[in-house]
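# Observations on the model geometry
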Amino acid sequence: MLPSVVLQGGGLLFVAVVFLLLAVALVYSSIVIIRPYQQGAYTVLGSYRGLLDQGIHFIYPFVSDVTRFDMRTQTLDVPRQEAITRDNSPVTADAVVYIKVMDPKKAFLEVENYERATSNLAQTTLRAVLGDMELDDTLNKRGEINSRIRQELDEPTDEWGIRVESVEVREVNPSKDVQRAMEQQTSAERKRRAMILEAQGERRSAVETAEGDKQSNIIRAQGEKQSQILEAQGDAISTVLRAKSAESMGERAIIDKGMETLEGIGGSESTTFILPQELTSLVGRYGKHLTGSDVKENGHVLEGLEFDEEAREMLGLDDIEKILGQIDAEADVDVEEMEQQAQKIKHGEDSGIVDANEAIEEMDQEFGDGGNAPGDGSTDEDDL
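Residues numbered from 1 in each chain as written. Predicted model: local features only at pLDDT ≥ 70, side-chain atom pairs only at ≥ 80, totals over all residues. Heavy atoms only, no water.

### Points about the overall build of the chain
Within the chain, the secondary structure is distributed over 11 helices and 10 strands. Buried residues in the chain amount to 24% of all 384 residues. Expressed as a percentage of contacts within the chain between residues at least 6 apart in sequence, the contacts between residues at least 24 apart total 64%. Looking at the chain as shown, the accessible area adds up to about 26600 Å², and 52% of this sits on carbon and sulfur atoms. (Helix = DSSP H or I, 4+ residues; strand = E, 2+ residues; numbered from the N terminus. Buried < 20%, exposed > 50% of the residue type's maximum accessible area, 1.4 Å probe, protein only. Contact = heavy atoms within 4.5 Å. Areas by Shrake-Rupley, 256 points an atom, 1.4 Å probe, with all protein chains shown as cover.)

Dropping the structure here:
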C-alpha cells in the first residue's frame, strides 16, 4: 500500500509543475512591453487590431501577435554597384540611405520588409542615376547624385510609410584603366602648371632685376650729373675768383709801373712832358671825386681833409670789389703800350713830344683859367 501512496504523491507533483509552467507561459504571452522609441502592430488570429504605444500591454495569449517598428532614423547600407556612364565609362559606387518609419501601419501592411525593399530600390536607382551622367559629372557632382536618388526614392517609399531623409554617395570609382589615364592627365596638368609658374617666376625675377638695374643707373646718372654740376660750379667760382684776383693785381701793377715811369720822367732833364692817355685816365679815375670831398683848393695849395662817410661811399673805400668793377668798366689799360710810351718819353724818343709853348697852350685849352696852369708861356717841373 505504501508504494501506491508514493506513486500518487509523485503524480501530483508533476501535475503541479506542469500547471506552473503553463501559468508562466500564459502570463508571458499575454504581456507585451513596448519601448519609448517603438510602436507595435497588434493582430489577433491574423486580424489587425491596431497599434500599441510605449508601455505594458495585455493581449490574448497564444492567439495574438505584435510586430514592433523602430521609429528612430535608421541607416541602410547600399552595396557597391557597377554602372556604365553615358560616355561608356565603367564606374562603381556605393551609398548610405537614411530612412525613418512615419506610418507603422503602412510599413506593416503595404510591404513585407521595408528595410530590404528600400535598400533594393536604392541600388537600382543608384545605377540608373550614374548611367544617366557622364564620367566627369559622376566624379564632380556628388550633391546632384544624392538629390536625384532621393527624389527617385521618395514616391515609392511614401506608399510604404517610409520617409527617405537623406542619401549620401560614399565613393564613385572609375575603372583601373580610366584611373591610370586620369592619373597621367593629372600628372601632365601639374607639370604644365609647374612650368607656367616657373616661367612666371623667372619673368618676374627678370623684371625685378631690370627694374633694379634701371633704378641703379638712374641714381648713378643723377649722382654723376650732380657731381659734374658741383665740379662745374666749383670751376666757375674758381675762375671768377682768379679773374678778380688777376684784375686786382693787374690794376695794381699798372699803377705801380706808372708811378715808376713818372719817377723816371721826373728825374730826366726835360721840362715838358706828354703823359700817356692811359696813365692820365687812370689817375683821373681816382682823383675825379677829390674836389669837394676829401681835398679842397686853397689858392694854389691843396690841403688834405679827413674822409667823411659820403666821401668814403663815393670813393668806394669800403667795397674793394665795387672799385675794381668801376675800374674794369671805365678803362682798359694796355700795360705794354704804356711802358713803351713811358720809355720813349724818358729817353726823348717819342715823336709826340712838343715844345713847352705848345704843351702850355694845350693845357690852357683843356683847363681854362682854373688850376695852376700858367698863362705866360712858362712852366717848370714843380708846376706839373
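Let us keep going from here.
### Thoughts on helix α5 (residues 142–159)
In this model, α5 (18 residues) spans 27 Å end to end at C-alpha, consistent with the 26 Å of a helix rising 1.5 Å per residue. A bend of about 30° at L153 is the largest found in α5, and the proline P156 appears one to four places after it. Regarding α5, the residues found buried are I145, N146, I149, L153 and T157. Buried residues along α5 sit against β7 (90–101), α3 (114–131), α4 (135–140) and β8 (162–174). Once α5 finishes, G161 follows within two positions and takes phi at roughly 75°, a positive value. (Expected span 1.5 Å × (residues − 1). Bend = angle between axes of the 7 residues up to and from the residue.)

### Let's talk about the sheet that holds strand β6 (residues 74–84)
Taken in spatial order, the 3 strands line up as β6-β7-β8 in an open sheet, and their pairing is antiparallel. One side of each edge strand has no neighbouring strand; the edge strands of this open sheet are β6 and β8. Averaged over all neighbouring strand pairs, the angle between strand axes comes to 20°, with direction disregarded. By the bridge criterion, 11 bridges tie β7 to β8 in an arrangement that is antiparallel. Its bridge partner lying in β8, D94 is registered against E171. Along the sheet, α3 contacts β6, β7 and β8; its crossing angle with β6, the most-contacted strand, is approximately 35°. (Pairing = 2+ DSSP bridges. Axes fitted to C-alpha atoms, helices over the stretch in contact; angles between N-to-C directions.)

### Brief notes about the nonpolar core
Residues V97, Y114, L126, I145 and I149 are the most contacted members of the largest nonpolar core, which totals 31 residues. Looking at this core, the elements with two or more residues in it are β6, β7, α3, α5 and β8. Setting aside its immediate chain neighbours within four residues, V97 contacts Q74, T75, L76, V78, A122, L153, V164, S166 and V167. The next biggest cluster of nonpolar side chains, apart from the first, holds 7 residues, and it includes V32, V44, I59 and V66. (Core = buried A, V, L, I, M, F, W, Y, C linked by side-chain atoms within 4.5 Å.)

### Overview of the UniProt feature "transmembrane region" (unreviewed entry) in the chain
With numbering matched to this structure, UniProt assigns "transmembrane region" (unreviewed entry) to residues 12–34. Secondary structure within residues 12–34 divides into 83% helix and 17% strand; the distance between the first and last C-alpha atoms comes to 38 Å. (UniProt positions renumbered as here; feature names shortened; annotations may be inferred.)

### Here's the deal with the pattern of salt bridges
Note on pairing: side chains with opposite charge can pair once their charged atoms come close. In total, this model carries 12 salt bridges according to the counting rule given. The shortest N-O distance in the salt bridge between R163 and E165 comes to 3.1 Å. The closest approach of N and O atoms between D177 and R180, which form a salt bridge, is 2.2 Å. With D177 and R180 both in helix α6 (residues 176–266), this residue pair falls 3 residues apart, about one helical turn. By relative accessible area, D177 is classed as exposed at 52%. Counted as one network, the salt bridges with shared partners bring together R80, D94, R170 and E171. (Salt bridge = Lys/Arg side-chain N within 4 Å of Asp/Glu carboxyl O.)

### Observations regarding a nonpolar patch on the surface
Taken together, the side chains of F14, V15, V18, F19 and L22 present a nonpolar region at the surface, about 500 Å² in accessible area. Relative to the helices and strands, F19 is located in helix α1 (residues 2–30). Residue F19 is classed as exposed on the basis of its relative accessible area, which comes to 57%. (Patch = residues over 30% accessible without salt bridge, like charges linked within 9 Å, V, L, I, M, F, W, Y side chains within 5 Å.)

### Some details on the packing of α3 against α5
Interhelical geometry of α3 versus α5 gives an angle of 140° and a closest axis separation of 9 Å. Considered as vectors, α3 and α5 are oriented oblique to each other. As α3 packs across α5, the resulting crossing turns out to be right-handed. Within the contact between the two elements, α3 uses T118, L121, A122, T125, L126, V129 and L130 and α5 uses I145, R148, I149, E152, L153, P156 and T157. (Parallel < 35°, antiparallel > 145°, perpendicular 65-115°, else oblique. Left-handed = near helix turned anticlockwise from the far one by under 90°.)

### So, the sheet that holds strand β5 (residues 64–70)
Strand order in the open sheet formed by 3 strands is β3-β2-β5, with antiparallel pairing between adjacent strands. Sheet topology places β3 (47–52) and β5 at the edges, where each strand pairs with a single neighbour. For this sheet, the mean inter-axis angle between neighbouring strands, taken without regard to orientation, is 25°. For strand β2 (residues 38–44) and β3, the ladder comprises 5 bridges, and the chain directions are antiparallel. By the bridge assignment, T43 is partnered in β3 with Y48.

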